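For reference, the chains in residue letters:
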Amino acid sequence: MYADPTKIICIGRNYAEHARELNNALPAEPFYFLKPPSSVIRNGQSIVLPGRAGRVDYEGELGVVMIDRCRNLAEKEVFAHIMGFVVCNDVTAREMQDTAKKVARPWAVSKGFDTFFPMSELRMKRDVPDPASLDIETKLNGTVKQKGNTRDMIFPIQRIVSDISGIMTLERGDVIATGTPAGISQLHAGDVIEITIEKVGKLTNSVVSD
Ligand code: MG
């Protein structure tokens, strides 16, 4: 078993079609936000919709898991420090996030509730030879909602991890969520959300209200 993350770092707007669906400009530089380790749940556990949150959305994403403590990595050094990959869901309280954007507040609340970071079992790096070319598919109650490929990332994995490692020391087990393709929508109590990434695995979670 690998270490639990000491932190989860997410990139915003890393797929052009998703940025457009939320009426956001394409970023010229990558930008990040954190999710707390307390937001992690595993495959098969339930996402809990907080009553105060309003609309809550799924975001299917490829997660990169680090193998050791590292900092200031050059892009060509990044893959040596990756342990493997996970399927993850950057669950987002969308109305709270929209309000935060309007008044220029951080996203700690809209992204940080307990259960807002489901992640799958780890797939080791050797089993995922080309993470820059993986199909991502999200099904909500059996209906396909997101269908993307990691080749459509605006900023590739090497760039993101190198950049983040120049800001904060990365620890064994830390997860970097690499952004979601288009097709996000709302979760309701009783839903089942299923995210599949080619070669990495499948993450299935039910949804309940608090
Ligand atoms: Mg996201």
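Presented here is a report on the structure given in the accompanying data block. What you are looking at is a predicted structure, and each value in this text was computed from that prediction instead of being measured.

### Quick look at the side chain of N205
- In this fold, N205 is placed in strand β15 (residues 201-209).
- Take N205: its relative accessible area is 1%, and that puts it in the buried class.
- A distance of 2.8 Å separates the side chain of N205 from the backbone oxygen of Q45, its partner in a polar contact.
- Setting aside residues up to four positions removed in sequence, N205 forms contacts with I41, R42, N43, G44, Q45, I47, P118, D191, V192 and I193.

### A look at the coordination of the magnesium ion
- Distances from the magnesium ion to its protein donors, namely E59 (OE), E61 (OE) and D90 (OD), fall within the range 2.0 to 2.1 Å.
- Considered as a linear motif, the donors of the magnesium ion on their single chain read E-x1-E-x28-D.

### So, the packing of aromatic side chains
- Per the stated rule, a full pass over the model turns up three aromatic pairs.
- Ring geometry for F31 and W107: centres 5.9 Å apart, planes at 85°, overall edge-to-face. With F31 in the loop between α1 (16-21) and β2 (32-35) and W107 in the loop between α2 (94-102) and α3 (108-112), the pair connects residues that are 76 residues apart, well separated along the chain.
- Three or more aromatic residues joined by ring pairs form one cluster here, namely F31, F33 and W107.

### So, unusual backbone geometry
- Its identity as a non-glycine residue notwithstanding, A104 has a phi of 55°, on the positive side.
- Of note, A104 is situated in the loop between α2 and α3.
- One non-glycine residue, K199, lies in positive phi territory at about 70°.
- As for its position among the elements, K199 is in the loop between β14 (192-197) and β15.
- Exposure remark for K199: the relative accessible area of 46% places this residue in the partly exposed category.

### A look at the nonpolar core
- Core analysis: the biggest nonpolar cluster contains 27 residues, and M66, V161 and I176 have the highest contact counts within it.
- At the level of secondary structure, the elements contributing two or more residues to this core comprise β1 (8-11), β6 (60-66), β7 (82-89), α4 (157-165) and β14.
- The element contributing the most residues to this core is α4, with four residues.
- Among residues more than four places away in sequence, those in contact with I176 are I9, L62, G63, V64, M66, I160, V161, I164 and L170.

### Considerations on the environment of T99
- Locating T99 in the fold gives a position in helix α2.
- A relative accessible area of 46% means that T99 is categorised as partly exposed.
- Considering only alpha carbons, one finds T99 and D135, 36 residues apart in sequence, at a separation of 32 Å.

Definitions and cut-offs
- Residues numbered from 1 in each chain as written.
- Predicted model: local features only at pLDDT ≥ 70, side-chain atom pairs only at ≥ 80, totals over all residues.
- Heavy atoms only, no water.
- Helix = DSSP H or I, 4+ residues; strand = E, 2+ residues; numbered from the N terminus.
- Buried < 20%, exposed > 50% of the residue type's maximum accessible area, 1.4 Å probe, protein only.
- Polar contact = N/O pair within 3.5 Å; in protein donor to acceptor, adjacent residues only side chain to side chain.
- Contact = heavy atoms within 4.5 Å.
- Donors = N, O, S within 2.8 Å, 3.2 Å for Na, K, Ca; no water.
- Phe/Tyr/Trp six-rings, centres within 6.5 Å; stacked < 30°, edge-to-face > 60°.
- Core = buried A, V, L, I, M, F, W, Y, C linked by side-chain atoms within 4.5 Å.

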